[in-house]
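# Commentary on secondary and tertiary structure
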Amino acid sequence: MENEVEKPQQGIEMAETLSIPSGEGSVWTDVSSLIAAACKDLPDGELIHGGNFSLFAAMSALEIMDPKMDSGIDNGRYHSIDEAIENGAAPVPLSFDRTVDALCIIDIMDHLLACEATWHKGHSLAQTVFSCLYLLRLDRTSSHALLHSYCRVVHATCNAIISVVSDARTHEEEDLFTMAYGLPLGGEKDDRCLSNLNAVEETLCRQLRASKALSAKKMAVEDVEPLQTNFDLEEGFCKALLCRLRFRKHFYHLLMCMRRPQGRGFDLARKHISSCLSELERIRISSEFLRLVASKICDDGTLVRTTASGRQPVGFDANVNIRSSAPAPPRAIRTLSWKMALEYFEKLLHDLDIICSFSLDPLLENVLRFTVQFQKLQPDLVARAHLQLLLIQDGKLYGRDPIFAVICRAAALPEAVKDHDMQKNEFVVQLGQFVINLLKILCTNVAWQRRKLGKILQDWRIIYVQLELAFRKELGEFSNMSNDENLSMKMAKYILIWVEEQAYWIASRFLLLGFELDLYSSGEYCMVYWYIYVVLIKLAEKTHFRILASFDTAKRKGKKKRDSLMDLARDYQIPPAVLLLQCYICLADGLTTMLAALRNERKAFLSPGPFNTEHERFIQHFEHLQKACMPDHMSYLSFKESTAQASLSSLATHNHFKDAQRIARELKSSFAHDPDRVAELRHIEQVAEHNSIALNVISRVGALDTTLKISFEFTYHPYFAVAVVKRS
Amino acid sequence: MLVGVNDGRFFLGNFHCLDKQGNIILQDAVEFRSIRRSSPSPMEQRGLGLILIPSSCRTSCHIESSMEEQFSLLSLRQ
């Protein structure tokens, strides 16, 4: 019998197998022929499995060598950071020619800025900022002052921003943002970054002064070695570097100032914001000089978008980090261009400036209005995180006002009650939590926000019921007892009114945000405006109650108990806040009627489709509101009943748009001090006017003229459409 | 079980299943990869969990066994 000795495998593979240790006393045994034999023996459709096997679970296995699932595939590039560095991917200094070195540093600075902006926009740190080999091995750069100080300040800035966003937890679905995956982020290195930066800035200033003195043929007062060797370019380089370093310095200071609690650092922050914006402008101007230098020094041809000079930056490799993400490879991303990065930071600075200008209004309704206005700017993640941290700190508003006091003030109760024992009631405590939660939700991105607002509607409804029951149990029915119980009764009543008002406010935001997110098709506008109409009526009612209650409180404070009821009735005007809601109610009513009439008689704006009936769509859109009984006894049937009689001919008999126009015009004087509200009133007027005209046309000829084409556009207001009538 | 693939990596894990085509699924797999492209070089490892190694990229397959078992396997191939 021939003794066939198993031939050893290729030398390299065997050696590598041996470098992976097997257990004690055991060896690696080649089983490939055994496997091959087993496969040959297996009938079709069968497999061999070990213990605890489940075919369903096996489906989730990562497939090796599939580029979408396997992040470790050898792509012919560096296997590790150390290998990349050993092969000269991140030289220090970048060039022995000091002019080229300076240009390369600027390219790195620009590319890092672009990476940072890309990261802010929602990508992972590993693929963006930490694709920089210099940042991954910070200590290597210590011999090069400029590079080292810049890297340190970027490192410190990233830490500061991660800290803000993590604390606020606004990153919601952009959860890649805070993941550091074992990147060298530790904060211990950050302490001296500013002093480093100052030293480097000081040197650059002296170099700049020296170059200016030389060019003005003055005596050189500074005994300092020039930045680089080309005398003509010295001033340009110094200026380009100075503005970049100064931007970093002011940006870091800005972040530190904004972290101070209760907005104490805001005034200083605004100064830093202003400096940042000036330096950004200087950075932008420097690009011309840099492009010129780049074309003189090297004519590679290929222009890169992420640097001012257009040159490819040295020392970046997004691949070295690819394996330190989750097992599966990250999505391919595109770094923002340098221009877009500048624009991003400018917008961020403007948004932060608005936060810093906020007066820390103690009245909750003003806080809510500020947040809603701020969100209209579409602020990004970092700005929103800062807003949330300003609003909620240590469970208090601005870290200053306890939530119970905020609620009492919002419910128009006198200041004295804020220490009342009622705050210990478990449901009052829970209500406080809901308020904090609401403020946090209002700082998230619009899509997430709307989803959460829908979900909390039931919570607010339930807490109302629970509070009512609890108050009734504690205080009994509304009978007159001692002064103390009278006060508690009043607090209970006012707080309940406020809770209802707040719940309807949330409902109205939920409905209106649907327009912002483009969630409604034109066939659904009729039911949406109808629902907005019924919700706003309730909101106006509750707001009115609350304002009347506040008059009562004010009256008692002023001790004007002798005012007669007649005087009150004569002087009474509906409060402007309620009238504003009335405008929206008229608009919604008008649009509902118009859309219903068009649907009834021209069969336009129906909800077609074989999959969903109109009833099903109604439930899909308004499920949260229906579950929370907001409002009570309103259902699809109510909608059908109220719109069944709408007809084109009867449209003109009650022109709701004219009412809206009239009220809006009258309101202008009440809001004269508030430019946002004045602008809003103007938009309301425009919507009302155009719809009024369209309504007249439609009511006169709509039923007969089939060539009329009617569409609804959001030209004057993001939530209230305008009917556009054309002849086709 | 230690499976080698054609780009030089090795995967160490518990055998989970094998099909007729020769595809192997490993449980609690760890990936071994060289830090430098040139050999010899130290290896780094990371955990991947449940993985499927297609037979097309598999270059080797070893299991941990005692010396006796290895010897008896060799004689099996006569």
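- Per an unreviewed UniProt entry, chain B is named Sm domain-containing protein, and its organism is Nepenthes gracilis.

- Identification of chain A as N-alpha-acetyltransferase 35, NatC auxiliary subunit from Nepenthes gracilis is taken from an unreviewed UniProt entry.
- Quoted verbatim from the Subcellular location (unreviewed entry) field of UniProt, the annotation for chain A is "Cytoplasm".
- Taken from UniProt, the Sequence similarities (unreviewed entry) comment for chain A reads in full: "Belongs to the MAK10 family."

### Details of the domain arrangement of chain A
Residues and elements named next belong to chain A.
- Taken domain by domain, chain A holds domain 1 (2-61), domain 2 (81-350), domain 3 (392-519) and domain 4 (527-728).
- The interface of domain 3 with domain 4 comprises 27 residues on the first partner and 30 residues on the second.
- Here domain 3 meets domain 4 over a buried area of about 2,600 Å², counting both sides, of which 73% is carbon and sulfur.
- Interface area lost by domain 3 to domain 4 is led by Tyr-504, Leu-511 and Phe-515, which between them contribute 29%.
- For the pair domain 3 and domain 4, the number of links is two salt bridges.
- Of the charged contacts, one joins Lys-542 and Glu-500 as a salt bridge, the two residues approaching to 3.0 Å between their closest N and O atoms.
- Viewed at the interface, domain 4 and domain 3 are joined by four residue pairs in polar contact (both at pLDDT 80 or more).
- Counting residues per element, the ones that place at least two in the side of domain 3 that touches domain 4 are helix H16 (446-475) and helix H17 (483-516).

### Observations concerning empty space enclosed by the protein
Residues and elements named next belong to chain A.
- This model, assessed by the stated rule, comprises six cavities of 30 Å³ or more.
- By volume, the largest cavity is sized at about 110 Å³.
- Considering the residues around the largest cavity, the lining is formed by Met-258, Arg-259, Arg-260, Pro-261, Gln-262, Gly-263, Phe-266, His-386, Leu-389, Leu-390, Gln-393 and Tyr-398.
- Those elements giving two or more residues to the lining of the largest cavity turn out to be helix H9 (234-259) and helix H13 (381-391).
- It is H13 that provides the largest number of residues to the lining of the largest cavity, a total of three residues.
- Residue classes in the lining of the largest cavity are distributed as six nonpolar, four polar and two charged.
- Its boundaries defined by the atoms lining it, the second largest cavity holds a volume of some 70 Å³.
- Around the second largest cavity sit Thr-371, Val-372, Gln-375, Lys-376, Leu-442, Val-446, Gln-449, Arg-509, Leu-513, Glu-516 and Tyr-719, which together line it.
- Secondary-structure elements contributing two or more residues to the lining of the second largest cavity are helix H12 (364-375), H16 and H17.

### Thoughts on the interface of chain B and chain A
- The interface is formed by 51 residues belonging to chain B together with 63 residues belonging to chain A.
- Around 5,000 Å² of area is buried between chain B and chain A when both sides are counted, 57% of it from carbon and sulfur atoms.
- Taken together, the links from chain B to chain A amount to three salt bridges.
- Residue Glu-86 of chain A pairs with Arg-36 of chain B through a salt bridge whose shortest N-O separation is 2.4 Å.

### Notes on the packing of helix H20 (residues 576-602) of chain A against helix H22 (residues 636-644) of chain A
All names here are of chain A.
- Between H20 and H22, whose axes approach to 9 Å, the crossing angle comes to 80°. Between H20 and H22, the interaxial angle falls into the category roughly perpendicular. Here H20 contributes Thr-592, Ala-596, Arg-599 and Asn-600 to the contact with H22, which in turn contributes Phe-639, Lys-640, Thr-643 and Ala-644.
- Along the lines of polarity and charge, the residues of the contact of H20 with H22 split into three nonpolar, three polar and two charged.

Calculation criteria
Residues numbered from 1 in each chain as written. Chains lettered and ligands numbered in written order. Predicted model: local features only at pLDDT ≥ 70, side-chain atom pairs only at ≥ 80, totals over all residues. Heavy atoms only, no water. UniProt positions renumbered as here; feature names shortened; annotations may be inferred. Domains from an automatic or database assignment. Contact = heavy atoms within 4.5 Å. Buried area = accessible area lost by both parts, 1.4 Å probe. Salt bridge = Lys/Arg side-chain N within 4 Å of Asp/Glu carboxyl O. Polar contact = N/O pair within 3.5 Å; in protein donor to acceptor, adjacent residues only side chain to side chain. Helix = DSSP H or I, 4+ residues; strand = E, 2+ residues; numbered from the N terminus. 1 Å grid on protein atoms, 1.4 Å probe; cavity = no way out; pocket = protein on both sides within 12 Å on 5 of 7 lines; lining within 4 Å. Points joined across faces, edges and corners; volume = space filled by probe spheres on them. Nonpolar A, V, L, I, M, F, W, Y, C, P; charged D, E, K, R; others polar. Axes fitted to C-alpha atoms, helices over the stretch in contact; angles between N-to-C directions. Parallel < 35°, antiparallel > 145°, perpendicular 65-115°, else oblique.

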